[in-house]
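Fold and geometry: a report
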Amino acid sequence: MSLNNQVEQLLRQALSLDEVYIKSEGSHFEVIAVSSDFADMSRLQRQQSINGPLRELIAENTIHALTVKTFTPEQWARERKFIMPS
């Protein structure tokens, strides 16, 4: 299993995600996560909800840098055209 797939699996097991996208370059990862659960969370809580399931990979330095972008489905419907390549 690729590391990107492992990261996606950990996030999907821990969170109720509508969509998740993982990009990586070496040990640098970018996660885009979409969930209606984010509607009631602060930006910090959203970040923590993503970092939590990946804590072990971060601790062992498999993930050295992590960029997280979180959206509700409504936010994603508006923002995806600016973020995702066509």
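Okay, so let's go over this structure.

Definitions and cut-offs
- Residues numbered from 1 in each chain as written.
- Predicted model: local features only at pLDDT ≥ 70, side-chain atom pairs only at ≥ 80, totals over all residues.
- Heavy atoms only, no water.
- Helix = DSSP H or I, 4+ residues; strand = E, 2+ residues; numbered from the N terminus.
- Rg over C-alpha atoms; globule rule 2.2 N^0.38 Å.
- Buried < 20%, exposed > 50% of the residue type's maximum accessible area, 1.4 Å probe, protein only.
- Lys, Arg positive; Asp, Glu negative; His and termini not counted.
- Charge placed at Lys NZ, Arg CZ, Asp CG, Glu CD.
- Salt bridge = Lys/Arg side-chain N within 4 Å of Asp/Glu carboxyl O.
- Pairing = 2+ DSSP bridges.

Quick look at the overall build of the protein
Helix and strand counts for the protein stand at 4 helices and 3 strands. In the protein, the order of α-helices and β-strands from amino to carboxyl end is α-β-β-α-α-β-α. Against the globule reference of 12 Å for 86 residues, the protein gives a C-alpha radius of gyration of 12 Å, in line with a compact fold. Expressed as lengths along the three principal axes of its C-alpha atoms, the size of the protein is roughly 35 × 30 × 20 Å. Here the protein, with 86 residues, has 30% of them falling under the buried criterion. For the protein, the centre of its 9 positive side-chain charges and the centre of its 11 negative side-chain charges are spaced 6 Å apart.

What to know about the pattern of salt bridges
Following the criterion strictly, the structure yields 4 salt bridges and no others. Among the ionic pairs, Glu19 bridges to Arg80, the shortest N-O distance being 3.6 Å. A residue pair is termed long-range when its members are at least 10 positions apart, and Glu19 in strand E1 (residues 19-25) and Arg80 in helix H4 (residues 73-83) qualify at 61 residues. Taking the shortest distance from any N to any O, the salt bridge between Lys23 and Glu30 comes out at 3.5 Å. Because the salt bridges share partners, they merge into one network encompassing Lys23, Glu30 and Lys69.

A word on the pairing of E1
Of the strand pairs in this sheet, E1 and strand E2 (residues 28-34) are connected by 7 bridges, and their pairing is antiparallel. Residue pairing in the sheet places Ser24 in a bridge with Phe29 of E2. Between E1 and E2, which follow one another and run antiparallel, lie 2 residues, and Gly26 among them has a positive phi close to 65°.

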